[in-house]
Amino acid sequence: MFLMNTIEVRNLSKKFGSFISVDNISFNVAKGEVFGFLGANGAGKSTTIRMLCGILMPTSGDALVNGFSIVKDPESIKRTIGYMSQKFSLYNDLTVNENINFFGGVYGLLGKKFEQRKDWVLEMSGLGDRKNFLASELSVGYKQRLALGCAVIHEPELVFLDEPTGGVDPVSRKKFWDLINSLSEEGTTVFVTTHYLDEAEFCNDIVLIDAGKLIAAGSPKELKEKYITDDVIQIRSSDSYRTIDLLKDQPFTDSISIFGNSIHLLMKPVSEIAGASADSAVKIMNVLSPDNELKIFSVEKISPSLEDVFVYLIEKKSAVNA
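Residues numbered from 1 in each chain as written. Predicted model: local features only at pLDDT ≥ 70, side-chain atom pairs only at ≥ 80, totals over all residues. Heavy atoms only, no water.

Quick question: what am I supposed to make of the packing of aromatic side chains here?
How two aromatic rings sit relative to each other is given by the distance of their centres and the angle of their planes. Counting across every chain of the model gives 10 aromatic pairs. When the centroid spacing of 6.4 Å and the interplanar angle of 35 degrees are considered together, the rings of Y91 and F103 count as tilted. Placement of the pair is Y91 in the loop between strand 6 (81-84) and helix 3 (96-106) and F103 in helix 3, with a sequence separation of 12 residues. When its relative accessible area of 13% is taken as the criterion, F103 is described as buried. What links up through ring pairs into an aromatic cluster is the set F27, F35, F37, F160 and F191. The ring centre of F16 lies 5.4 Å from the NZ or CZ of K14, which sits over that ring. (Phe/Tyr/Trp six-rings, centres within 6.5 Å; stacked < 30°, edge-to-face > 60°. Helix = DSSP H or I, 4+ residues; strand = E, 2+ residues; numbered from the N terminus. Buried < 20%, exposed > 50% of the residue type's maximum accessible area, 1.4 Å probe, protein only. Lys NZ or Arg CZ within 6 Å of the ring centre and 35° of its normal.)

Please explain helix 4 (residues 111-125) as it appears in this structure.
The α-helix advances 3.6 residues per turn, and as a result positions three or four apart in sequence lie on the same side. An ideal rise of 1.5 Å per residue puts 21 Å on 15 residues; helix 4 measures up with 21 Å between its terminal C-alpha atoms. Every buried residue belonging to helix 4 is among F114, R117, K118, V121, L122, M124 and S125, and all of these are buried. The buried residues of helix 4 occupy an angular sector of 165 degrees when projected down its axis, which confines them to one face. Set apart from the buried face of helix 4 by more than 90 degrees, the exposed residues are K112 and E123. (Expected span 1.5 Å × (residues − 1). Arc of directions from axis to C-beta.)

Would you take a moment to explain the sheet that holds strand 8 (residues 189-194) for this structure?
Pairing between the strands of a sheet is mediated by backbone hydrogen bonds and can be parallel or antiparallel. Sheet architecture is open: 6 strands sit in the order 6-7-8-3-9-10, paired in mixed fashion. Two strands lie at the open edges of the sheet, namely strand 6 and strand 10 (213-218), each paired on one side alone. Neighbour to neighbour, the strand axes of the sheet diverge by 15 degrees on average, direction disregarded. The sheet contact formed by strand 9 (residues 205-210) and strand 10 spans 5 bridges and is antiparallel. By the bridge assignment for strand 10, I209 is matched with L214. Of the strands in this sheet, strand 3 (34-38), strand 6, strand 7 (158-162) and strand 8 are in contact with helix 6 (residues 170-185), which crosses strand 3 at around 130 degrees. (Pairing = 2+ DSSP bridges. Axes fitted to C-alpha atoms, helices over the stretch in contact; angles between N-to-C directions. Contact = heavy atoms within 4.5 Å.)

Mind showing me how you'd approach the pattern of salt bridges here?
Opposite charge on two side chains lets them pair, provided their charged atoms get close. Under the criterion given, the structure shown has 15 salt bridges. The closest approach of N and O atoms between D231 and K301, which form a salt bridge, is 3.3 Å. Of the two residues, D231 is situated in the loop between helix 7 (220-227) and strand 11 (232-237) and K301 in strand 14 (residues 296-302); the sequence distance between them amounts to 70 residues. Residue D245 pairs with K248 through a salt bridge whose shortest N-O separation is 3.6 Å. When salt bridges that share partners are traced, they join K113, R117 and E155 into one network. (Salt bridge = Lys/Arg side-chain N within 4 Å of Asp/Glu carboxyl O.)

Would you take a moment to explain the nonpolar core for this structure?
Here is a general trend for soluble globular proteins: nonpolar side chains tend to be buried in one another's company. Ranked by internal contacts, the top residues of the largest apolar core, which has 47 residues, are I100, L146, L148, L161, I206, L208 and L313. Beyond its immediate stretch of four places on either side in the chain, L208 contacts L38, K213, L214, I215, A216, V309, F310 and L313. If you look at the next biggest cluster of nonpolar residues, it comprises 25 residues, including I49, L56, A63 and V65. (Core = buried A, V, L, I, M, F, W, Y, C linked by side-chain atoms within 4.5 Å.)

Shown next as structure tokens:
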């Protein structure tokens, strides 16, 4: 049977007592794509991934994973997928070599095929000269690559990566995403959860989840074009909180949030602002400049990011529910 979608989720929900962790979600994951499942910690990402792996039974709804129902045939799903948890799924008291041997045995690899895949894992992870090191002795970046190798040693059609880059430095994160893209190019479908929204730029398609509900879906480009129609202005100042207090209630401000050591302000369209249509930077400086205790380092228009999309949607959702 030829599958256009590796995953098809229909009205999937999971309750723990009275708490709704996943609330009636539906989406598809196309074969061979890198699919991002994004949201803050506690949004329902890990619960969803556990259901799709056949580990956790849903309260209602169903999903097909590699053609198998998570309700009717979860054991078949487990045999056709790879899974890497946010804890790296390694045994710290085993060596690199022993970890690979263990996972190869779990997936039933034998003989020449196992040796070929073992060599591939060592080469991919860069651990050929460290194969006798304990996993506990490896850096987080090396652990991450070894765990990915062990998760796909049996060449599954689909691999789930549950927040795989948590606690990893930016350089190691970039290298890890290079490996993810390589898997996708070879035909493996990659389902990755993350709360690092900058990583989502590497995904073909994305679903955003908040408090168990899907709030947006599409490619990175589609999401930014659909939801961020305002100009995004980045402001750097000596006091971000004071800057927000001064700007948040201005007639030109649609949304304003802290982003690292800067502020992102979404400007309302000129048609919605009463009075003259002055340049965005001029409007902002006219408000901020009179404050003698505030130093403004820069005010510039930037391209929107997926984090802008997520913050915008969460703020709008909060306003509706208020």
